[in-house]
Amino acid sequence: MGLNDLSREILDKAQGEAKRIGAWADSKAAEALFRAEDEKKKLLAQVNGEASAMSESEKGERIAAARLNAKKLVSEAQEEVVAKVIRQVQDELESMRGKKQYQNFLAKAIRSALKEIPGDAIVQVNKDDLASVKSIRGITVGAPIDCSGGAIISSKDGSVRVNATFESLIEEKKDEIRRQVFKELFGGKNK
């Protein structure tokens, strides 16, 4: 066997070995490609599932936020209505001033407070009502106060004090007014 024959035989063996190694590599590559495709499909399914869950979660969060905001807006609107009604009550009380009803209210409030105060009392009213209270026996008229109506009645030593001003009466009745407004206007649904 000559050199050429030996070279050819070595070359043929090398080519055969290269074909066998190429086929083996192709099969391993195909197997790796199949696994990669399978892994890609699983990963895509997982990502899609997570994205869908995140989307649902985000959608739920947005709906909850929108509901919370709507509830806040309704609550604010209801509070505005309550505040408006309370202002109307105060305006109505103030519009009574100068009428016989108001004079009767003021005298009755002072007489009622005097029952709680031992001895002489000091009565404070706004400057427009000073003349109205000067005729009441058993009181000393104090310095005028800044109020829209009513009076503050106190013992001379200051140990007992009854606040019968419009502002105090409204503040005292605010919760009751609120409940009534919610009952009448909003079907009792108070926040």
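Residues numbered from 1 in each chain as written. Predicted model: local features only at pLDDT ≥ 70, side-chain atom pairs only at ≥ 80, totals over all residues. Heavy atoms only, no water.

A. Local environment of helix H4 (residues 166-186). Where H4 bends most, at Lys-174, the angle is about 55°. Along H4, the residues that are buried comprise Phe-166, Ser-168, Ile-170, Ile-177, Val-181 and Phe-182. Immediately beyond the C-terminal end of H4, within one or two residues, lies Gly-187, with a positive phi of roughly 70°. (Bend = angle between axes of the 7 residues up to and from the residue. Helix = DSSP H or I, 4+ residues; strand = E, 2+ residues; numbered from the N terminus. Buried < 20%, exposed > 50% of the residue type's maximum accessible area, 1.4 Å probe, protein only.)

B. View of the pairing of strand E3 (residues 150-155). Most of E3 sits inside the fold, with 6 of its 6 residues counted as buried. Side chains Gly-150, Ile-152 and Ser-154 project from E3 onto one buried face, and the interleaved Ala-151, Ile-153 and Ser-155 project onto a second face that is buried too. In this structure, strand E1 (residues 121-124) lies alongside E3, joined through 4 bridges in antiparallel fashion. From the neighbouring strand, Val-123 faces E3, where its bridge partner is Ile-153. Both E3 and strand E4 (residues 161-165) contribute to a ladder of 5 bridges, which runs antiparallel. Residue pairing for E4: Gly-150 is matched across the bridge by Thr-165. Hairpin remark: E3 followed by E4, antiparallel, with 5 residues in the connecting loop; positive phi at Gly-158, about 80°. (Pairing = 2+ DSSP bridges.)

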